[in-house]
Amino acid sequence: MSENKTLPKIALGAWSWGKGAVGGDQIFGNHLLEKDLKPVFDLAMSNGLCLWDTAAVYGEGTSEKILGNFIKNISRKDIIISTKFTPQIVSDSPNAMQEMLNESKNRLNTEIIDLYWIHNPMDVEKWTPKLIPLFQSGQIKSVGVSNHNLAEIKRANEILGEADIKISAVQNHYSLLHRSSEKAGIVDYCKEHNITFYSYMVLEQGALSGKYNQENPFPQGSSRAVYYNSILQKLEILVDKLKQIGEKYSASPAQIAIAWAIYKGTLPIIGVTKVSQVEEAAKAINIKLNNDEIKYLELLSDEAGVNTLRDWEKNMI
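Residues numbered from 1 in each chain as written. Predicted model: local features only at pLDDT ≥ 70, side-chain atom pairs only at ≥ 80, totals over all residues. Heavy atoms only, no water.

A word on the environment of Phe70
Link 1 in the chain: Mapped onto the elements of the fold, Phe70 is located in helix H3 (residues 62-71).
Link 2 in the chain: Among the residues examined, Phe70 registers a relative accessible area of 3% and is labelled buried.
Link 3 in the chain: Sequence separation between Phe70 and Val187 is 117 residues; the distance between their C-alpha atoms is 33 Å.
Link 4 in the chain: The residues touching Phe70, leaving out its near neighbours within four places in the chain, are Trp17, Glu34, Leu37, Lys38 and Phe41. (Helix = DSSP H or I, 4+ residues; strand = E, 2+ residues; numbered from the N terminus. Buried < 20%, exposed > 50% of the residue type's maximum accessible area, 1.4 Å probe, protein only. Contact = heavy atoms within 4.5 Å.)

Quick look at the pattern of salt bridges
Link 1 in the chain: Applying the stated rule across the entire model yields 14 salt bridges.
Link 2 in the chain: With its nearest N and O atoms 3.3 Å apart, the salt bridge here joins Asp78 to Lys77.
Link 3 in the chain: When its relative accessible area of 38% is taken as the criterion, Asp78 is described as partly exposed.
Link 4 in the chain: Arg179 serves as the salt-bridge partner of Asp302, at 3.2 Å between the closest nitrogen and oxygen. Of the two residues, Asp302 is situated in helix H14 (residues 291-304) and Arg179 in the loop between strand S6 (167-173) and helix H8 (180-183); the sequence distance between them amounts to 123 residues.
Link 5 in the chain: Its relative accessible area of 7% is what places Arg179 among the buried residues. (Salt bridge = Lys/Arg side-chain N within 4 Å of Asp/Glu carboxyl O.)

Some words on the environment of Pro121
Link 1 in the chain: Looking at the secondary structure, you find Pro121 in the loop between strand S4 (115-118) and helix H5 (124-127).
Link 2 in the chain: Along the backbone, Pro121 and Ile153 are 32 residues apart, and their C-alpha atoms lie at a distance of 9.3 Å.

By themselves, these figures tell us nothing about what the structure is for.
Okay, structure coming up:
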């Protein structure tokens, strides 16, 4: 990250902003556009939550475009922009990464991306070196890798190291229900090498929020319903414990799940589509769970015995 920008304790995710392929309507069952999201953005910024995570692939670029339209009206130094190069949607051009970055910069109304990720490790040897000229030219301030296992992270760092560049961030699926990056040693590797570990799907797309259960499942027609409705019953004991701990801290289950991720030394990415979610996330930063609470939550998570590995990712162990 550029020297003059300090990371907040959480990032806000715009995966569910916009619509289209891999967008809010398909993944989350949302249909959210600028008029719905501007109050969310404004409140977040006023609370110092200035780190926004998106990707070229989210909603076929509509997530970036919405965020970019909001960015136009604020000082660029007041916001930290994280977006991604997604190999799965790349063209056959030899300059494919530069071209995708150009498209992202155009949609985001900025000449500089604070944190640019390789979204998936389709070909570490091919794509990692292409980050180097983007960094050296100042178009991106820092580089990250997402959904990479430990061997791939180490290899990417070796490739970048030949140009005196290092990985600044790793972004993997990490939640109470999915701790394979921890068990594989990735979280510890990041701590040892001063790499920020960004945990995404900390709330398992709402399954750990306390808002959904057998009687009130995810709405049909979204991938959330397909993946989570069948396991909601198995999560009841864990979610009840999140609620119980939440009562102690005057917090929601979602806030406790976020506080758990912060306790573990990660920077959670929290998807926000409502003002209330921004308020929740901002307050979660100040919750300090104790070691016994952490251990008990993880025990209940293990006992739930669910697998939340998604179709685009691999188990890190």
